[in-house]
Amino acid sequence: MNVLIKIYDWLHAHKAVLACLCLLIVGGLVALSMRLRYKEDIFDFLPADAEYTESMEVYSHLSQASRIVIIFEGTNTDSIASAIDCFADECPQAMTEVDMTEIFSRLDFVYSHLPYFLTEESYSRLDSLYADSVDNLTPILEADKRMLSMPGTAFLYPILARDPLQLVPIARSIGGQYAGAQSNFDVHNGYMMTRDGNKGFAFYDSPYGSTETNRNAALVDSLTQVTTTVMTAYPSVKVRLLGAPVIAVGNARQIKRDSVIAILCSLVLILALLLYIFPRVRDIGLIFLSVGFGWLFGMAVLGLVVQQVSMIVLGIGAVLIGIAINYPLHLLVHQRYTQSVKQTLVEVLSPLITGNITTIGAFAALIPLHSPALQQLGIFASALFLGTILFCIFVLPHLMSSTPAPIREIPIFNLQSSIFNFQ
């Protein structure tokens, strides 16, 4: 502690040096914080070990997680088809019609290499069908007949013609779906629609995956603008977007709004309390200056260490402001009971540093976790508290007035005191 007091004395005698150092440090912190890029991915709170990362990468590339579904709702099938055509004109990259040629090409490949697709179950099924009697084939052939008599099943013709007994798993899965006449979808003149004709569908595969919300946001806005154009041209048709990228963009924007609201609410409540307690605006400015430096220090450390930060972490940072304010608050309040700023620093220094170390230690425990967002929160909180305490020790005492800050008592404290005196 004596070393810190000697540093205070030296800086007090060389305030010009202190000012230059502050400017250089703040400039460096701003430069580092400018390196930060912001994310709004809720998956950052999940573990990020090698197995999870590989699974998410496979999921993003092999599944339809990046697919955006455009739904056209109306009461007239022809209007819906025209609206889909209008959407295709505005967005040629969208898949608006079922490509039967591609489907038949893939089926040709499957049946041209049929032995490779047969399983032990397929051979067991074949043995059981021919084991007893040809009567075992009758239910299957009747199911084939029912399927072929249903509308929108033209793509089943080549499947059943080549595999009427449904030996290949793909035939059984498709056949089982249509055998009960419960399919909700149909192909109407090449368009994918529901069986009642009240909904049509188009598809758009995002090249950015499902979690790249920054780039998907521009894509979703562009598609939304196209849907507005289509609905203007066809008022009887309602068009909406659905899919993982759309949901991710909506969540990201909601997270960003919630983070801003949380920070603003926190600042307003804290400012209202400080304005009541400290009549002198200068003291409130010193408190926010201390916390502001700590916040900048935390952002700079994040920019140096991780370079990407979740907006959710910064939203949680609003809670950290209330904790960090305690450090400059201790100095300003304790000044009422001492003769000088130096004496205030001497008396408060030890408990201030001890409390800071325990707080930093609590948040630093998040850093070894496998969740990227929790790691970022641990780094940011620890750096914020460290930056605030450094400012309070080395800079704030030189900015404090020699006259103690006037402080108003909070009424609830006076009430509590009266109760104790009564007892």
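Since we're looking at a predicted model, the values are computed, not measured.

Caption draft 1: Broad picture of the environment of L329. Within the secondary structure, L329 is located in helix α15 (residues 326–334). The class of L329 is partly exposed, set by a relative accessible area of 23%. C-alpha separation for the pair L329 and I284, spaced 45 residues apart in sequence, amounts to 9.3 Å. Those residues in contact with L329 that lie beyond four places of it in its chain are L274, F278 and I287.

Caption draft 2: Spotlight on the nonpolar core. Judged by nonpolar contacts, the single largest core of 60 residues is most densely connected at F278, L320, L331, F380 and F385. Among the secondary structure elements, those contributing two or more residues to this core are α1 (2–13), α2 (15–33), α12 (244–277), α13 (281–305), α14 (311–324), α15, α16 (341–364) and α17 (372–394). By residue number, the principal contributor to this core is α17, which donates twelve residues. Those residues in contact with L331, other than ones at most four positions away along the chain, are T344, L345, V348, L352, C392, L396 and M400.

Caption draft 3: Structural view of the packing of helix α11 (residues 213–233) against α12. Packing of α11 against α12 brings their axes to within 9 Å, and their N-to-C directions diverge by 110 degrees. Taken together, the axes of α11 and α12 are roughly perpendicular relative to one another. Residues T213, N216, A217, V220 and D221 of α11 form the contact with α12, whose own contacting residues are P245, V246, A248, V249, A252 and R253. Here the residues of the contact of α11 with α12 sort into seven nonpolar, two polar and two charged.

Caption draft 4: View of the pairing of strand β6 (residues 238–243). Every second residue of β6 is oriented toward a common face, the buried set being V239, L241 and G243 and the non-buried set K238, R240 and L242. Examined bridge by bridge, strand β2 (residues 67–73) and β6 share six bridges and lie antiparallel to one another. Following the sheet pairing, F72 is matched in β6 by V239.

Caption draft 5: Structural detail: a negative patch on the surface. Taken together, the side chains of D85, D89, E90 and E97 make up a negatively charged region of the molecular surface. The residue E97 is located in the loop between α4 (77–90) and α5 (100–112) in this model.

Caption draft 6: Geometry of the confidence of the model for the chain. Overall, the predicted model of the chain reaches an average pLDDT of 78, with 76% of residues at or above 70. In this model residues 172–183 is a low-confidence stretch, pLDDT under 50, and it forms 24 contacts with partners more than four residues away in sequence or in other chains. Contacts for the low-pLDDT stretch residues 415–423, under 50 throughout, to residues beyond four places or in other chains number zero contacts.

Caption draft 7: Spotlight on α15. When α15 is considered as a whole, its buried residues turn out to be Y327, P328, L331 and L332. Down the axis of α15, the buried set is contained in an arc of 125 degrees. They therefore lie on one face.

Caption draft 8: Main features of the pairing of β2. Where burial is concerned, most of β2 is hidden: six out of the seven residues are buried. Relative to strand β5 (residues 199–205), β2 runs antiparallel, the two sharing seven bridges. Note that in β5 the partner of V69 across the bridge is F203.

Caption draft 9: How the structure looks around the packing of aromatic side chains. Scanning all chains against the criterion turns up six aromatic pairs. On the basis of an interplanar angle of 85 degrees and a centroid distance of 5.0 Å, the ring pair of W295 and F380 is categorised as edge-to-face. Taken together, the residues W295 in helix α13 and F380 in helix α17 connect sequence positions 85 residues apart. Judged by its relative accessible area of 0%, F380 is buried. Centre to centre, the rings of Y327 and F385 are 6.4 Å apart; their planes meet at 90 degrees, and the pair counts as edge-to-face.

Caption draft 10: Inspection of the pattern of salt bridges at higher detail. For the structure shown, the criterion picks out five salt bridges. Note that E73 is salt-bridged to R240, the shortest N-O span being 2.6 Å. Here the residue E73 occupies a position in strand β2, and R240 occupies one in strand β6, the gap between them amounting to 167 residues. Exposure remark for E73: the relative accessible area of 21% places this residue in the partly exposed category.

Caption draft 11: Spatial organisation of α12. The end-to-end C-alpha distance of α12, which contains 34 residues, comes to 49 Å, matching closely the 50 Å that a straight helix rising 1.5 Å per residue would cover. Every buried residue belonging to α12 is among P245, V246, A248, V249, A252, I255, S259, S266, I270, L274 and I277, and all of these are buried.

Caption draft 12: The arrangement of the state of the cysteines in detail. In total, this model carries zero disulfides according to the counting rule given. Note on C20: no disulfide assigned, nearest cysteine sulfur contributed by C22 at a separation of 9.3 Å.

Caption draft 13: Quick look at the side chain of T96. Within the secondary structure layout, T96 lies in the loop between α4 and α5. T96 has contacts with I84, A88, G190, Y191, F201 and A202, leaving out every residue within four places of it along the chain.

Caption draft 14: The arrangement of the packing of α13 against α17 in detail. At a closest axis distance of 7 Å, the pairing of α13 and α17 adopts a crossing angle of 140 degrees. In this view, α13 runs oblique relative to α17, as classed from their interaxial angle. Relative to α17, the crossing made by α13 is right-handed. Counting all contacts with α13, which are made through L289, S290, V291, F293, G294, W295, F297, G298, M299, V301, L302 and V305, the residues of α17 involved are Q376, I379, F380, A383, L384, L386, G387, T388, F391 and C392.

Caption draft 15: Up close: the environment of I284. Mapped onto the secondary structure, I284 falls in helix α13. Accessibility expressed as a relative area gives 5% for I284, which makes it buried. When the C-alpha positions of I284 and L274 are compared, they lie 6.6 Å apart, and in sequence the two are ten residues distant. Here I284 is in contact with L271, L274, L275 and F278, once residues within four sequence places are set aside.

What counts, and at which threshold
Residues numbered from 1 in each chain as written. Predicted model: local features only at pLDDT ≥ 70, side-chain atom pairs only at ≥ 80, totals over all residues. Heavy atoms only, no water. Helix = DSSP H or I, 4+ residues; strand = E, 2+ residues; numbered from the N terminus. Buried < 20%, exposed > 50% of the residue type's maximum accessible area, 1.4 Å probe, protein only. Contact = heavy atoms within 4.5 Å. Core = buried A, V, L, I, M, F, W, Y, C linked by side-chain atoms within 4.5 Å. Axes fitted to C-alpha atoms, helices over the stretch in contact; angles between N-to-C directions. Parallel < 35°, antiparallel > 145°, perpendicular 65-115°, else oblique. Nonpolar A, V, L, I, M, F, W, Y, C, P; charged D, E, K, R; others polar. Pairing = 2+ DSSP bridges. Patch = residues over 30% accessible without salt bridge, like charges linked within 9 Å, V, L, I, M, F, W, Y side chains within 5 Å. Areas by Shrake-Rupley, 256 points an atom, 1.4 Å probe, with all protein chains shown as cover. Salt bridge = Lys/Arg side-chain N within 4 Å of Asp/Glu carboxyl O. Lys, Arg positive; Asp, Glu negative; His and termini not counted. Charge placed at Lys NZ, Arg CZ, Asp CG, Glu CD. pLDDT = per-residue confidence, 0-100. Arc of directions from axis to C-beta. Phe/Tyr/Trp six-rings, centres within 6.5 Å; stacked < 30°, edge-to-face > 60°. Expected span 1.5 Å × (residues − 1). Disulfide = S-S within 2.5 Å. Left-handed = near helix turned anticlockwise from the far one by under 90°.

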